[in-house]
2 protein chains.
Amino acid sequence: MTVDGGGYFKQLPLFAGIAEESISRLESHAEFHTFPRGAVIQRQGSIPTALPVLLEGSVQLLGCVRTQRPVVVDIVRAVEILHLAPVLSTAPVPTTIQVVDPATTVMIPRAAVHKCLSSDAHLAYRLLTILGSQYEGLVSQVKNLKARTASQRLAAYLVELAEDRGARVVRLPFDKRLLASRLGMTPESFSRALSTLRTYEVETRSSEVHIGDFEKLRQYALPDGEDWEEDTPEEYS
Amino acid sequence: MTVDGGGYFKQLPLFAGIAEESISRLESHAEFHTFPRGAVIQRQGSIPTALPVLLEGSVQLLGCVRTQRPVVVDIVRAVEILHLAPVLSTAPVPTTIQVVDPATTVMIPRAAVHKCLSSDAHLAYRLLTILGSQYEGLVSQVKNLKARTASQRLAAYLVELAEDRGARVVRLPFDKRLLASRLGMTPESFSRALSTLRTYEVETRSSEVHIGDFEKLRQYALPDGEDWEEDTPEEYS
């Protein structure tokens, strides 16, 4: 269905501060879609013809390497712009977008995005900050994968979840297989990691996790902190 | 030293197609610096006051997690813009930039970048494509870390190096400790991975690597390929 009447995009914080002319142009070309769980929105290796904006639900970004099982590069919740980089470069999309929780997207044709970008510095600036924040999320993930053990990555995930919810008893928001792949583990090493965390007073019942001693778990997770400077030389000046 | 005379930026392919006014404005505020091996250009956690453009040499982006040894998130060769995302968001920089091979940078004050971006859609568009390509590089690295074993990551690196050089005998461009961390391994597992690759006719003498059977190594490295589709469902349409 085509967006009719208009005005929907204006309500999205995502597009706050963008010129009305750009908003109208993007919206006049956009199409809403709803997708059931399991549906593939864009497939790794395809050249994107439209920019998907996830309005409701959540999706996984699957990375596929030949003859291996796909891995979960990231899990993304609404509202978020997906695959912005390949729409700009007209490169093949680097992951497959697959629906985890029933999703609503609006697809903005690539040509409309390019046309608006070439004349509207504010739109380009807004997209730069969005892409910049996604870039920083990936840097953080790479650090996490390289510097932490599997158990520490799970601990860090639980610490963050508990802080977000403001609770010491949290429910895992996704099934264990999905979480395991997102954190760079097999389901088996995810189970082992959960067992290891019992030492840090973490108990699980089905998908509910009880954190007995939050500070102890936080220490084990080795969050990024201020005292890392000890290891690195002084800044050049 | 301040850039005098001007015209230097215009020669950089990095800034191709940018309006002369923006180029002049960026250049008039920019300062050249040279850094010796080991110098720190920006430090994780600091708020950047300038955007570094690496003109010569190479640097490592170090990710530091408290009480752990820093890990190499990436190795970057000139010419490249570094830490673009945090200059836009004014967030702390996510990695420490440390010089690997003696480097020349030009530092563009953040205020000048923001001022140009707010009025020049072409500059913003150009920076979007640069950030987009850096984003895609990180996605590829996350897939690599999650889907491949240590030996397969080393194999994939050697395959790419041999293809770039058009040779079956290649010299490792960085020392083994640096490469190991970049590929997400300890120096010990890097050595074990090199031993494993003997099965695939890879022989090392110091930093020189001989690839006996390139196709066999390529098969083992499991490059991203077309036949991954078997594992994923049909695209929604």
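Keep in mind that this is a model prediction, so the values were computed, not measured. (Residues numbered from 1 in each chain as written. Chains lettered and ligands numbered in written order. Predicted model: local features only at pLDDT ≥ 70, side-chain atom pairs only at ≥ 80, totals over all residues. Heavy atoms only, no water.)

Enquirer: Help me understand the relation of the copies chain A and chain B in this model?
Expert: In this arrangement, two copies of a chain are superimposed by a rotation about an axis accompanied by a shift along the axis. Each copy superposes on the other: chain A lies on chain B with an RMSD of 0.0 Å after a rotation of 180° and an axial shift of 0.0 Å. The two molecules are tied by a two-fold rotation axis, judged by turn and shift. Of the C-alpha atoms belonging to chain A, the one lying closest to the rotation axis is found on Ala121(A), 2.0 Å away. (Least-squares fit on C-alpha atoms with pLDDT ≥ 70 in both.)

Enquirer: Honestly, the sheet that holds strand 8 (residues 202-205) of chain B in this entry has me stumped. Any pointers?
Expert: The strands that make up a sheet pair up through hydrogen bonds in the backbone, lying either parallel or antiparallel. Residues and elements named next belong to chain B. A sheet is described by the order of its strands in space; here three strands give the open sequence 7-9-8, paired in antiparallel fashion. Either end of the sheet is taken by a strand with one partner, and the two such strands are strand 7 (169-171) and strand 8. Ignoring strand direction, the axes of neighbouring strands in this sheet form an average angle of 20°. Inspection of the sheet shows strand 8 paired to strand 9 (residues 208-211) by four bridges, in the antiparallel sense. Its bridge partner being in strand 9, Glu203 is matched across the sheet by His210. On the sheet, helix 5 (residues 150-165) packs against strand 7, strand 8 and strand 9 and is oriented at approximately 105° with respect to strand 7. (Pairing = 2+ DSSP bridges. Helix = DSSP H or I, 4+ residues; strand = E, 2+ residues; numbered from the N terminus. Axes fitted to C-alpha atoms, helices over the stretch in contact; angles between N-to-C directions. Contact = heavy atoms within 4.5 Å.)

Enquirer: Help me understand the interface of chain A and chain B in this model?
Expert: Note on interface size: it is often stated as the accessible area lost on association of the parts. In this complex, chain A contributes 75 residues to the contact, which on the side of chain B involves 75 residues. In total, about 6,800 Å² of surface goes out of reach between chain A and chain B, with carbon and sulfur atoms giving 66% of it. Inspection of the chain A/chain B interface yields 14 residue pairs in polar contact (both at pLDDT 80 or more). Secondary-structure elements contributing two or more residues to the side of chain A that touches chain B are strand 1 (31-35), strand 2 (40-42), strand 4 (71-77), helix 2 (84-89), strand 6 (96-109), helix 3 (110-119), helix 4 (121-147) and helix 6 (176-182) of chain A. Ranked by the residues each element gives to the side of chain A that touches chain B, the list is headed by helix 4 of chain A, at 20 residues. Residues that form the side of chain A that touches chain B fall into these classes: 35 nonpolar, 25 polar and 15 charged. (Buried area = accessible area lost by both parts, 1.4 Å probe. Polar contact = N/O pair within 3.5 Å; in protein donor to acceptor, adjacent residues only side chain to side chain. Nonpolar A, V, L, I, M, F, W, Y, C, P; charged D, E, K, R; others polar.)

Enquirer: I tried to follow the domain arrangement of chain A on my own but got confused; where do I start?
Expert: Residue and element names in this part refer to chain A. Along its sequence, chain A is organised into domain 1 (9-145) and domain 2 (149-225). Each of domain 1 and domain 2 was reduced to a C-alpha centroid, and the two centroids are 28 Å apart. The interface of domain 1 with domain 2 comprises 17 residues on the first partner and 12 residues on the second. Counting each side, the surface lost to burial between domain 1 and domain 2 is near 1,100 Å², with a carbon and sulfur contribution of 54%. (Domains from an automatic or database assignment.)

Enquirer: Help me understand the packing of aromatic side chains in this model?
Expert: The tally for this structure, following the rule as stated, stands at six aromatic pairs over all chains. With a centroid separation of 5.2 Å and an interplanar angle of 90°, the aromatic rings of Tyr8(A) and Phe32(A) are classed as edge-to-face. Taken together, the residues span a long stretch of sequence, with Tyr8(A) in the segment before helix 1 (20-29) and Phe32(A) in strand 1 at a distance of 24 residues. Considering the side-chain rings of Phe9(B) and Phe15(B), the 5.1 Å spacing of their centres and the 15° angle between planes classify their relative orientation as stacked. The class of Phe9(B) is buried, set by a relative accessible area of 0%. Positioned above the aromatic ring of Phe214(A), the side-chain terminus of Arg168(A) is 3.8 Å from the ring centre. (Phe/Tyr/Trp six-rings, centres within 6.5 Å; stacked < 30°, edge-to-face > 60°. Buried < 20%, exposed > 50% of the residue type's maximum accessible area, 1.4 Å probe, protein only. Lys NZ or Arg CZ within 6 Å of the ring centre and 35° of its normal.)

Enquirer: Hey, could you run me through the sheet that holds strand 9 (residues 208-211) of chain A in this one?
Expert: All names here are of chain A. Strand order in this open sheet of three strands is 7-9-8, and the pairing throughout is antiparallel. Edge positions in the sheet fall to strand 7 (169-171) and strand 8 (202-205), since each of these pairs with one other strand and no more. The sheet shows a mean angle of 20° between the axes of neighbouring strands, taken without regard to direction. Where strand 7 meets strand 9, three bridges bridge the pair, whose relative direction is antiparallel. Paired with Arg171 across the strands is Glu208, a residue of strand 9. Helix 5 (residues 150-165) rests against strand 7, strand 8 and strand 9 of the sheet, and its axis sits at about 100° to strand 7.

Enquirer: For this particular structure, what's the right way to read helix 5 of chain B?
Expert: For the α-helix, the turn length of 3.6 residues means that residues three or four positions removed from each other point alike. With 16 residues, helix 5 of chain B extends 23 Å between its outermost C-alpha atoms, agreeing within 8% with the 22 Å of an ideal straight helix rising 1.5 Å per residue. Of the residues making up helix 5 of chain B, those classed as buried are Ser151(B), Gln152(B), Arg153(B), Leu154(B), Ala155(B), Ala156(B), Leu158(B), Val159(B), Leu161(B) and Ala162(B). (Expected span 1.5 Å × (residues − 1).)

Enquirer: What is the right way to read the environment of Ala85(B) from this model?
Expert: Mapping Ala85(B) onto the fold places it in helix 2 (residues 84-89). Residues Ala85(B) and Leu127(B) lie 42 residues apart in sequence; the distance between their C-alpha atoms is 10.0 Å. Contacts of Ala85(B), omitting those with residues within four sequence positions, involve Gly132(A), Tyr135(A), Glu136(A) and Leu131(B).

Enquirer: Looking at this model, I keep getting lost on the confidence of the model for chain A. Mind explaining?
Expert: In low-pLDDT regions, the fine details of the predicted coordinates are not to be read closely. Residue and element names in this part refer to chain A. Mean pLDDT over chain A stands at 88; residues scoring 70 or higher make up 91%. The weakest mean pLDDT in chain A belongs to helix 1 at 88; the strongest belongs to strand 2 at 97. For the stretch residues 225-231, pLDDT sits under 50, and the model shows 10 contacts to residues farther than four places along the chain or on other chains. (pLDDT = per-residue confidence, 0-100.)

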